[in-house]
Amino acid sequence: QVQLVESGGGSVQAGDSLRLSCAASGRTFSSLTMGWFRQARGKEREFVAAYSRGGGSTYYEDSVKGRFIISRDNAKNTVYLQMNSLQLEDTAVYYCATRRPGSLSARSTGSYDVWGQGTQVTVSS
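Figured I'd write up the structure that's included with this text. (Residues numbered from 1 in each chain as written. Predicted model: local features only at pLDDT ≥ 70, side-chain atom pairs only at ≥ 80, totals over all residues. Heavy atoms only, no water.)

Brief notes about the overall build of the chain
In terms of helices and strands, the chain carries 0 helices and 11 strands. Its helices and strands taken in sequence order, the chain reads β-β-β-β-β-β-β-β-β-β-β from the N to the C terminus. Here the C-alpha atoms of the chain give a radius of gyration of 13 Å, agreeing with the 14 Å that 2.2 N^0.38 yields for 125 residues. The dimensions of the chain, computed from C-alpha atoms along their principal axes, are 40 × 25 × 25 Å. Buried residues in the chain amount to 42% of all 125 residues. Taking contacts inside the chain between residues at least 6 apart in sequence as the whole, the part at least 24 apart equals 56%. Total accessible area computed for the chain in this model is approximately 6,200 Å², and 45% of it derives from carbon and sulfur atoms. Taking the average place of the 14 positive charges on the side chains of the chain and the average place of its 10 negative ones, the gap between the two points comes to 6 Å. (Helix = DSSP H or I, 4+ residues; strand = E, 2+ residues; numbered from the N terminus. Rg over C-alpha atoms; globule rule 2.2 N^0.38 Å. Buried < 20%, exposed > 50% of the residue type's maximum accessible area, 1.4 Å probe, protein only. Contact = heavy atoms within 4.5 Å. Areas by Shrake-Rupley, 256 points an atom, 1.4 Å probe, with all protein chains shown as cover. Lys, Arg positive; Asp, Glu negative; His and termini not counted. Charge placed at Lys NZ, Arg CZ, Asp CG, Glu CD.)

Regarding unusual backbone geometry
The backbone phi angle of N77 is positive, close to 55°, even though this residue is not glycine. Secondary-structure assignment places N77 in the loop between strand 7 (68-73) and strand 8 (78-83). For N77, a relative accessible area of 26% corresponds to the partly exposed category. Here S85, not a glycine, exhibits a phi torsion of approximately 50°, which is positive.

Some thoughts on the state of the cysteines
Within this structure, the stated rule accounts for 1 disulfide. Disulfide pairing is shown between C22 and C96; the S-S distance is 1.9 Å. For the disulfide bridge between C22 and C96, the dihedral angle about the S-S bond is near 55°, and by the sign convention the bridge is right-handed. Here C96 lies in strand 9 (residues 92-99) and C22 lies in strand 3 (residues 18-25), a separation of 74 residues in the sequence. Like C22, the residue C96 is buried in the burial classification. (Disulfide = S-S within 2.5 Å.)

Focus on the environment of R41
Structurally, R41 is set in the loop between strand 4 (34-39) and strand 5 (46-51). Placed 56 residues apart in sequence, R41 and A97 show a C-alpha to C-alpha distance of 19 Å.

What to know about the pairing of strand 8
Most of strand 8 is tucked away, with 5 of its 6 residues classed as buried. Two strands pair when backbone bridges link them, and strand 3 and strand 8 are joined in this way by 6 bridges, in the antiparallel orientation. Bridge pairing links R19 to Q82 in strand 8. Counting the residues that bridge the hairpin from strand 7 to strand 8 gives 4 residues, and of these N77 lies at a positive phi of roughly 55°. (Pairing = 2+ DSSP bridges.)

Set out below in structure tokens:
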């Protein structure tokens, strides 16, 4: 079973940048589609970005397009989320997850079967 550990969260001001990391162990990392999700207080967990396992395709939620970049380093078993021009609305706990093989949508929480513990990102004005 794969284990995921996120890091890199923190408190920043609007307009700042942060880079989140998610280190994976226990399964061949390169065979996994990896996703980032976030959950703000009182809201449902929502899709942020995903990076496919093979072809290098990336997917983004509309509100983060052009500001966030997902990348991966298979040699380090790590996926990253570079977050630029952070906004107050980006405040949330951010989770990385592995996508279940054969699942229908890379954007659905139900398609992911292993989750990290989350890392808090707080953006203030």
